[in-house]
Amino acid sequence: MPDEALSIGLFRGLEEGVAKDLLQQAKRRLLAADTLLFAAGEPARAVHVLVSGVAQLVQSTPRGSRVVIKYVGAGEVFGSPALLDRFYPVDAVAITECEELQWPAPMLRAIVDRHPQVALNVIRDLEARLREMEDRVRDLSGESVEHRLARAVLKLVERFGIQVPEGIEIPFPVSRQDLADLIGSTLPTVSRTLRNWETQRQIRRHRRRLVIADIEAVAGILYNDTPCRLQVRRGHRRSAWG
């Protein structure tokens, strides 16, 4: 089975031949940064998986503000409403160069009929996403902006962080507005918090990237100064878009 199939959650638990066949049936696309993969309100015609790169799922409110729902990385499934003939509820935007796979909805429904494990994998992904949304609602209802921001940064570190000489880098552009949209706060409040962290040398900006220079200090905001034990990819090799 191709190595890339091993990292795709959609294939979890499938026999090697089935996963290889699924991979061969997918439409493969190379996408430039800032490419719109699909827009909220469009009929959901395909299920998507990133092979490489990072995409952002964004929802706009009736007042015109943005909510960053999540960042999608390699191996993650998105666009699953296509399985139910629904509409995409969010915009999906490539924020780095990306390679993606997509399966037309009728094809994937036929695959689900033959291999129920695929449906189970999609359900697991949706259940994990629901838990993530529940956690965010809890954070919004009871946590300070600084706590919410620390939690969001630590999640980005755990999912995407790369060890570099200056600390741990999020290897794609994350603006202050993005962070405000991610935690449900305002740009001035997030900017003020980040300036305080920069003054205390907990974080720094480097080539439009966020670098966490003191991960234990940021984690201590949430965990009473307990040392952080996040798993971070080692080595100084930067990603292809860094």
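Everything below is about the structure printed above this text.
In what follows, the accompanying structure is described.

What counts as what
Residues numbered from 1 in each chain as written. Predicted model: local features only at pLDDT ≥ 70, side-chain atom pairs only at ≥ 80, totals over all residues. Heavy atoms only, no water. Phe/Tyr/Trp six-rings, centres within 6.5 Å; stacked < 30°, edge-to-face > 60°. Helix = DSSP H or I, 4+ residues; strand = E, 2+ residues; numbered from the N terminus. Pairing = 2+ DSSP bridges. Contact = heavy atoms within 4.5 Å. Axes fitted to C-alpha atoms, helices over the stretch in contact; angles between N-to-C directions. Buried < 20%, exposed > 50% of the residue type's maximum accessible area, 1.4 Å probe, protein only.

1. Some words on the packing of aromatic side chains
So, point 1. Going through the model one piece at a time under the given rule, you end up with five aromatic pairs.
So, point 2. On the basis of an interplanar angle of 35 degrees and a centroid distance of 6.0 Å, the ring pair of phenylalanine 38 and phenylalanine 78 is categorised as tilted. With phenylalanine 38 in strand S2 (residues 36-38) and phenylalanine 78 in strand S6 (residues 77-78), this pair connects stretches of sequence that are 40 residues apart.
So, point 3. In this structure an aromatic cluster arises from ring pairing among Phe38, Phe78 and Tyr88.

2. Notes on the sheet that holds strand S3 (residues 46-52)
So, point 1. Ordered by their spatial adjacency, four strands build an open sheet running S1-S8-S3-S6, and the pairing between neighbours is antiparallel. For this open sheet the edge positions go to strand S1 (27-31) and S6, each flanked by a neighbour on one side alone.
So, point 2. Examined bridge by bridge, S1 and strand S8 (residues 98-104) share five bridges and lie antiparallel to one another. Each residue of the ladder has a partner; that of leucine 31, found in S8, is cysteine 98.
So, point 3. Contacts between helix H3 (residues 105-114) and the sheet are confined to S3 and S8, with S8 contributing the most and set at about 70 degrees to the helix.

3. What to know about unusual backbone geometry
So, point 1. For aspartate 34, which is not glycine, the phi torsion reads 75 degrees and is therefore positive.
So, point 2. Inspection of the secondary structure assignment puts aspartate 34 in the loop between S1 and S2.
So, point 3. In this model, arginine 201 sits at a positive phi of 60 degrees, which is unusual for a non-glycine residue.
So, point 4. Tracing the chain through its elements places arginine 201 in the loop between helix H7 (187-199) and strand S11 (203-206).
So, point 5. A relative accessible area of 68% places arginine 201 in the exposed class.

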